[in-house]
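Report on the structure
If you want the building blocks of each chain, they are given just below.
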Amino acid sequence: MTQLRIAVLNASHRDANTTRNFRRELDASVAEFDVTGGHLPGDFEYDAAVVTGSRSSVYWDEDWIPATKNWVADAIDHGLPFLGICWGHQLLADVLGGTVEDMGVYEIGYNEIEHTGDCRLFDGISRRFTAFATHSDEVSELPPGAKPLAENEYSNHGFRKGSVFGVQFHPEYDQRTARELTEEKELTDERRESVLAEITDENYERACEAKQVFDNYLEYVREVRSGAADTAVPSSVHDSEAGNEDESEAEPQRVETNETSTDALLDSPTAKTD
């Protein structure tokens, strides 16, 4: 079987944990791009794309964010499937016409989330499952025509529109990442100690169920390549932004798997990502 080629848009401000986690969880040929440094793919010759978390907010005035949004919008218009994690989830919602806002509280730690039970992204995952989450922004309004997939008492935790999927939680986190991020966050001593106390082998094992999201997504991408998947997408992201909520059946793009240059981030500084 030909290995899938996945463009990973790394928005973590060169966090080494992010590189390690996504390379471990994605069973694919990964081309990684440091979007915070202005590095974006030069074309759309990938089978799919993944957008990581970030310590930035989607609505912040940072030079790299509009360029990233523009590339993502063009890639969606070219039929590229997407999976967004945390900030990536929010970015995809924003690009498709949804709303991202500060939710006024901060969710951090291993929490329970419930999915709707009717999306293949969550196949093999218990209806109520545990995952590590860390965010103070939320998708407060889904993009026009998007379908909610998961939520908890804090916020929406998943949506789908056509071939675009987003999840607010972090299925890729290992205990090291969770611990380092918690230690860095501006929390009260009491809350920090409470969250750290829950980063245990038992909770991590429970959260590993959510990693199935990655395999499910890659299986979907394989079906897109073969023409077997349901890939209803907006005729144009820009139409969607203008308020056109109609969806059309689009033939999925099939791309070659020739190698292109990558931006490996293994020697990056230890900024922490949400």
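This text gives an overview of the structure that appears in the document. (Residues numbered from 1 in each chain as written. Predicted model: local features only at pLDDT ≥ 70, side-chain atom pairs only at ≥ 80, totals over all residues. Heavy atoms only, no water.)

1. Here's the deal with the overall build of the protein chain
What counts here: In this description a helix means any DSSP run of H or I spanning at least four residues, a strand means any run of E spanning at least two, and both kinds are numbered starting from the N terminus. Only the protein chains shown count as cover for residues, and the accessible areas themselves come from Shrake-Rupley with a 1.4 Å probe.
Tallying secondary structure elements over the protein chain gives eight helices and 11 strands in all. As displayed, the protein chain offers around 11400 Å² of accessible surface, 41% of which is attributable to carbon and sulfur atoms.

2. A closer look at helix H1 (residues 16–25)
Our working definition: Burial classes follow relative accessibility: with a 1.4 Å probe on protein chains only, a residue under 20% of its type's maximum area counts as buried, one over 50% as exposed, and anything between as partly exposed. For this analysis, residues touch if any pair of their heavy atoms sits within 4.5 Å.
The buried fraction of H1 is high, at seven of 10 residues. Every buried residue belonging to H1 is among Ala16, Asn17, Thr18, Thr19, Asn21, Phe22 and Glu25, and all of these are buried. Those residues of H1 hidden inside the fold are in contact with strand E1 (5–10), strand E2 (29–34), strand E3 (48–51), strand E4 (82–85), helix H4 (175–184) and helix H7 (212–226).

3. What about helix H2 (residues 64–77)?
What counts here: By definition here, a helix of n residues has an expected span of 1.5 Å times n minus one.
With 14 residues, H2 should reach 20 Å at 1.5 Å per residue; the first-to-last C-alpha distance of 20 Å fits that figure. Taken together, the buried positions of H2 are Trp64, Ile65, Thr68, Trp71, Val72, Ala73, Ala75 and Ile76. Just downstream of H2, Gly79 is the residue with a positive phi angle, here 90°.

4. Overview of the nonpolar core
Going by this rule: Nine residue types can take part in a nonpolar core, namely buried Ala, Val, Leu, Ile, Met, Phe, Trp, Tyr and Cys, and a core is a set of them joined through side-chain atoms within 4.5 Å.
Counting 33 residues, the largest nonpolar core has Leu83, Leu121, Phe122, Phe169 and Tyr217 as its most contacted members. Secondary-structure elements contributing two or more residues to this core are E1, E3, E4, strand E6 (128–141), strand E7 (147–151), strand E9 (164–167) and H7. Examining the composition of this core, we find that seven residues originate from one element, H7, more than from any other. If near-sequence neighbours (up to four positions away) are discounted, Leu83 is found in contact with Ala49, Val50, Val51, Leu92, Leu121, Phe165, Val213, Phe214 and Tyr217. Of all hydrophobic cores here, the second largest spans 31 residues; its members include Ile65, Leu91, Leu96 and Val100.

5. Let's talk about the side chain of Thr36
Stated formally: In protein, a polar contact means a hydrogen-donor-capable atom and an acceptor-capable atom, both N or O and within 3.5 Å, with residues adjacent in sequence counting only if both atoms are side-chain atoms; elsewhere, any N or O pair within 3.5 Å suffices.
On the secondary structure map, Thr36 appears in the loop between E2 and E3. Engagement of the side chain of Thr36 in a polar contact is seen with the side chain of Asp34, the distance being 2.6 Å. When sequence neighbours within four positions are dropped, the list of residues in contact with Thr36 reads Asn10, Ala11, Ser12, His13, Arg14 and Trp64.

6. Describing the pairing of E2
Most of E2 sits out of view: six of its six residues are buried. Both faces of E2 are covered, namely the face carrying Ser29, Ala31 and Phe33 and the face carrying Val30, Glu32 and Asp34.

7. Regarding the pattern of salt bridges
Pairing is possible between side chains that carry opposite charge, provided their charged atoms lie close to one another. Selection rule: Just to be clear on terms, a salt bridge is a Lys or Arg side-chain nitrogen sitting within 4 Å of an Asp or Glu carboxyl oxygen.
Applying the stated criterion across every chain yields a total of 15 salt bridges. With a closest N to O distance of 2.9 Å, Glu25 and Lys211 form a salt bridge. Here Lys211 lies in the loop between helix H6 (201–207) and H7 and Glu25 lies in helix H1, a separation of 186 residues in the sequence. Like Glu25, the residue Lys211 is buried in the burial classification. When the shortest N-O distance is used, the salt bridge between Asp94 and Lys69 registers 3.1 Å. Placement of Asp94 in helix H3 (residues 87–95) and of Lys69 in helix H2 is noted, with a sequence separation of 25 residues between them. With relative accessibility at 25%, the residue Asp94 sits in the partly exposed group.

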